[in-house]
Amino acid sequence: MLIQVCIWRQLLSDHKGIVKNYSKLPNIILTHPYQVNMGAKTIYEEPMTTITNLTPTSLLTPTLTVAHSGTSTLPIADASSFVAATVPPEIQPPQIKAGLFASTSPLSPSVTVGDFMKSQGVAFGTSGIRGLVTRLTDQVVYAPTTGFLQYAQKKYKFRAVALAGDLRPSTRRLMIAVAQAIKDQNLRVINFGRIPTPALAAFAFEQGIPSIMVTGSHIPADRNGVKFNLPDGEVLKPDEAAIMKEQVHLPSIFDEQGNISPSLQSGLPQRDHRAGTAFLKRYLGFFPANFLTGKTIGVYQHSAVGRYLLADLLQQFGAKVVPLGRAVDYFIPVDTEAIREEDHRLARQWANDPQLNLDALVSTDGDSDRPLIAGSDGVWLRGDVLGILMARILGADFVATPVSSNTALELSGFATVGRTKIGSPYVISEMNKALDMHYQRVVGYEGNGGFLTASPLVLEGRTLPPLPTRDAFLPILTLLFQSVRAGRSIQEVTDDLPPRFTLGGLIKEIPRDRSDQLLSRLNTGSIETDQAAIATLFGKSFGTPTDIDRTDGTRMMFAHPTFGDIIVHVRPSENAPELRVHVEASSKDTAQKIFDAALSKVRELV
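Report follows, based on the coordinates. (Residues numbered from 1 in each chain as written. Predicted model: local features only at pLDDT ≥ 70, side-chain atom pairs only at ≥ 80, totals over all residues. Heavy atoms only, no water.)

**Observations regarding the overall build of the chain**
To keep it simple, the criterion reads: Here a helix means four or more residues in a row that DSSP labels H or I, a strand means two or more in a row labelled E, and each is numbered from the N terminus. Think of it in three bands: with a 1.4 Å probe and only protein chains considered, a residue is buried below 20% of the maximum accessible area for its type, exposed above 50%, and partly exposed in between. It only takes one pair of heavy atoms within 4.5 Å for two residues to be counted as in contact. A 1.4 Å probe and the Shrake-Rupley method give the accessible areas. Residues count as covered only by the protein chains that appear here.
The helix and strand inventory of the chain stands at 17 helices and 27 strands. The buried share among the 606 residues of the chain stands at 60%. Contacts in the chain between residues far apart in sequence, at least 24 positions, make up 65% of those at least 6 positions apart. Accessible area for the chain stands at about 24,200 Å²; split by element, carbon and sulfur atoms hold 51% of it.

Spelled out as structure tokens, the structure:
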């Protein structure tokens, strides 16, 4: 068993009872099977000496007790200086945010991933970590990556880990920190460079190895994240809980800001191109050759990591591709579930340009696992509408989707629908249940348009292997294929759906505690009390409350005297200080009116 204990320079210099001459602080080599590394490397100015006789018991308390062995050749303080060195309470975490080691105690031999992340103010989001770049130091990335790998090695046998990232400016630095953690677990790093998350996952699932994607997906550019995939699928909620409990030891490679010294970095291996190539072949073998011949398709590139692969794929199917809106020196956070007004405006502008003469316009979010598609009118399809069309075209017999998705799904005649909390881990868990119940064509989708497949799918005699993680390429290609096959425009293909229309958006810079305070007013434990509160707070704007769904956030159903059945859904974001608002109504105009009113009301209440 290896235990690392790190003493902070600030602690040593500010509290005289600990060490009188910290510039000559010795390394303590124990007679017990522990390793103790005291202080940052920059503290030492001369060769280290040896002190023995540190008892394991002292590692379990905030008091460090050692005795001088008499073997030191450096002018250190006498043995009494090291006895009963109590850690003052004012420097206990979470005040300590950077340095060699931040744990439940500066003298703790190890720390759980959960405690470490909490001390650093970084949260575990969908299958990984997300946070401000300023908080995502190399050490903050290294710790949960190590915990993930330790957990994965208990369940699977593998010798390599696949790694990729998106186009954010901070991504390369974080990839290097992840790579360091992989190497320190004696595993080989396969660097696939900047490719879509589903391309990385598909290749890793096929090879039976874990994969790690450095991406902030659709969230603002000042944030980033790290997403973990096990060899056979995404990290689900039980896996997440187990990873948070993993005990990790952090090596002495980090400076006082929590970053790896350049001299200790091993960098990234040469890029491997196999995953990107395999992802193209996946779809080239499923859809008919040249089925897009004669079509002109605009690809809104912005900062999407899959922008070149998507354009290449469409060209190989025969389309004329028009690249549009590529970002070069900055990152554009495109959210396919809460589309920016600027992106609506650009789509209309391109669609109305006679020189472009587009048949369709397509795009993805930052890590290219969520699609955007518009017809020649430049109106982006809602992701939950795209999901219904996909399930119908591919002949699904079980559909899993979050509670926030359009209820036109049930109205479209799908006999078996599984509604879940919002997030791909919940959708995947529901799909796995369907497989256990022997459904043959199991799919899932989210309101952001990301489409997941849990079983093989067949299209005109060609089979597509399952990919149980969000994918943007499959829904884009499938809808284009259906449009060509039916001889109808993208707009006309959507006309067959029941008339239910959804809109979604977000209110930024709303701390989670303020969101929770609002929702707690609507969730007292008494249905009667909650309905009365909803009637008081929302009834004047939306009508009589008829039902409440708390699967994720608060989803409120109303009977409006003019607009009929409407839905207002409020939930906090798991990835950023934002409050998301979704609405549903029976017409586009009504949905827009309800959405504007809901945003105004929620802003007022928070």
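After presenting the structure, the write-up continues.
**Things to note about the sheet that holds strand β13 (residues 320-326)**
What counts here: When DSSP finds two or more bridges between two strands, those strands count as paired. Axis lines are fitted to C-alpha atoms, over the contacting stretch for helices. Their N-to-C directions set the angle, which ranges from 0 to 180 degrees.
Judged by pairing direction, the sheet is mixed, and its 4 strands sit side by side in the order β13-β12-β14-β15 without closing on themselves. Only two strands of the sheet have a single partner each, and these edge strands are β13 and β15 (371-374). Sheet twist, expressed as the average angle between the axes of neighbouring strands with direction ignored, equals 20 degrees. Strand direction decides the pairing type here: strand β14 (residues 360-364) and β15, joined by 4 bridges, are antiparallel. When the sheet's bridge partners are listed, S363 is paired in β15 with L372. Packed onto the sheet, helix α8 (residues 307-316) meets β12 (296-302), β13 and β14 and runs at close to 170 degrees relative to β12.

**Focus: the side chain of N191**
Which entries qualify depends on this criterion: Between N or O atoms, a polar contact is any pair within 3.5 Å; within protein, one atom must be a potential hydrogen donor and the other a potential acceptor, and residues adjacent in sequence are included only when both atoms are from side chains.
By the secondary structure assignment, N191 is in strand β7 (residues 188-191). Under the relative-accessibility criterion, N191 is labelled buried at 7%. Among the polar contacts made by the side chain of N191, one reaches the main-chain carbonyl oxygen of P269 at a distance of 2.9 Å.

**Quick look at the packing of helix α2 (residues 113-120) against helix α3 (residues 138-155)**
What counts is decided by this rule: Angle categories are assigned with fixed cut-offs, so that under 35 degrees is roughly parallel, over 145 is roughly antiparallel, 65 to 115 is roughly perpendicular, and the rest are oblique. We call a crossing left-handed when the near helix sits turned anticlockwise from the far one by less than a right angle, and right-handed when that turn is clockwise. In this classification, the charged set is Asp, Glu, Lys and Arg, the nonpolar set is Ala, Val, Leu, Ile, Met, Phe, Trp, Tyr, Cys and Pro, and all remaining amino acids, among them Gly, are polar.
It is the contact of α2 with α3, at a shortest axis distance of 10 Å, that shows an interaxial angle of 160 degrees. In terms of axis orientation, α2 runs roughly antiparallel to α3. Crossing geometry of α2 relative to α3 is assigned as left-handed. Residue-level inspection shows V113, F116, M117 and Q120 of α2 in contact with α3, the latter providing Q139, V140, A143, P144 and G147. Looking at the contact of α2 with α3 residue by residue, the class counts come to 6 nonpolar, 3 polar and no charged.

**Some thoughts on the pairing of strand β25 (residues 554-560)**
The buried count for β25 comes to 6 of 7 residues, which makes it a mostly enclosed element. Bridge analysis of strand β24 (residues 544-549) against β25 gives 5 bridges, and the strand direction is antiparallel. Among the inter-strand pairings, D549 is bridged to a residue of β25, identified as R555. Direction of pairing for β25 relative to strand β26 (residues 564-572): antiparallel, over a ladder of 7 bridges. Bridge pairing links R555 to H569 in β26.

**A word on unusual backbone geometry**
The backbone of N186 sits at a positive phi, close to 60 degrees, despite the residue not being glycine. Inspection of the secondary structure assignment puts N186 in the loop between α4 (171-184) and β7.

**A few points about the sheet that holds strand β23 (residues 501-507)**
Within a sheet, adjacent strands bond to each other through the backbone by hydrogen bonds, running parallel or antiparallel. Taking strand neighbours across the sheet as the criterion, the 5 strands line up as β23-β27-β26-β25-β24 in an open arrangement whose pairing is antiparallel. Each edge of the sheet is formed by a strand with only one pairing partner; in this case those strands are β23 and β24. The average angle at which neighbouring strand axes cross in this sheet is 20 degrees, direction not considered. Here β23 runs beside strand β27 (residues 579-585); their pairing, made up of 7 bridges, is antiparallel.

**Some words on helix α16 (residues 527-542)**
One turn of the α-helix equals 3.6 residues, which is why residues spaced by three or four share an orientation. The cut-off we apply is this: Here a helix's expected span is defined as the number of its residues, less one, multiplied by 1.5 Å. Note on bend: at a given residue it equals the angle between the axes fitted to the 7 residues ending there and to the 7 starting there.
In a regular helix each residue adds 1.5 Å, so 16 residues correspond to 22 Å; α16 covers only 19 Å between its end C-alpha atoms and thus falls short of that length. The largest bend along α16 measures about 50 degrees and falls at T536. Where α16 is concerned, the buried positions are D530, A533, I534, L537, F538, G539 and F542. Check the buried side of α16 and you find it contacts α15 (512-521), β24, β25, β26 and α17 (588-605). One or two residues past the end of α16 sits G543, with phi positive at roughly 110 degrees.

**Considering the environment of F203**
Counting through the fold element by element, F203 comes out in helix α5 (residues 197-207). With relative accessibility at 10%, the residue F203 sits in the buried group. Separated by 71 residues in the primary sequence, F203 and R274 place their C-alpha atoms 8.1 Å from one another. Beyond its immediate stretch of four places on either side in the chain, F203 contacts F192, R274, A275 and A278.

**Some points on the nonpolar core**
Quick reminder of the rule: Throughout this description, the term nonpolar core refers to a set of buried Ala, Val, Leu, Ile, Met, Phe, Trp, Tyr and Cys residues connected via side-chain atoms within 4.5 Å.
Formed by 110 residues in total, the largest nonpolar core has its most connected members in L163, F192, I212, Y283, F287, L314 and L480. For F192, the contacting residues outside a window of four places in its chain are A162, L163, A164, L200, F203, R271, D272, R274 and A275. Residues L537, V570, V581 and A585 belong to the second largest nonpolar core, which totals 28 residues.

**Let's talk about the layout of surface pockets**
This is how it is decided: Put plainly, a pocket is an open set of points on a 1 Å grid over the protein atoms alone with protein on both sides within 12 Å along at least five of seven lines, a cavity is a set where a 1.4 Å probe fits but cannot get out, and a lining residue has an atom within 4 Å of a point. Grid points are joined across faces, edges and corners, and a volume is the space filled by probe spheres set on the points.
Taken as a whole, the largest pocket holds about 1,200 Å³ of empty space. Along its surface, the largest pocket is lined by 45 residues, and H344, W380, R382, T502 and L503 are the ones closest to its centre. For the lining of the largest pocket, the secondary structure elements donating two or more residues are α9 (341-351), α10 (383-393), α14 (490-493), β23 and α17. In terms of residues, the lining of the largest pocket owes the most to one element, β23, which gives 6 residues. Across the lining of the largest pocket, the residue classes break down as 20 nonpolar, 12 polar and 13 charged.

**Focus on the side chain of D365**
Positionally, D365 belongs in the loop between β14 and β15. A polar contact of 3.1 Å, which involves the side chain of D365, links it to the backbone nitrogen of D369. Beyond its immediate sequence surroundings of up to four residues, D365 is in contact with S217, H218, H302, A304, V334, T336 and R370.

**A closer look at the packing of α5 against helix α7 (residues 274-284)**
Contact geometry of α5 with α7 gives a least axis separation of 9 Å together with a crossing angle of 95 degrees. Of the possible angle classes, the one that applies to α5 and α7 is roughly perpendicular. Packed against α5, whose contacting residues are P198, A199, A202 and F203, the element α7 presents R274, A275, A278 and F279 at the interface. Looking at the contact of α5 with α7, its residues break down into 7 nonpolar, no polar and 1 charged.

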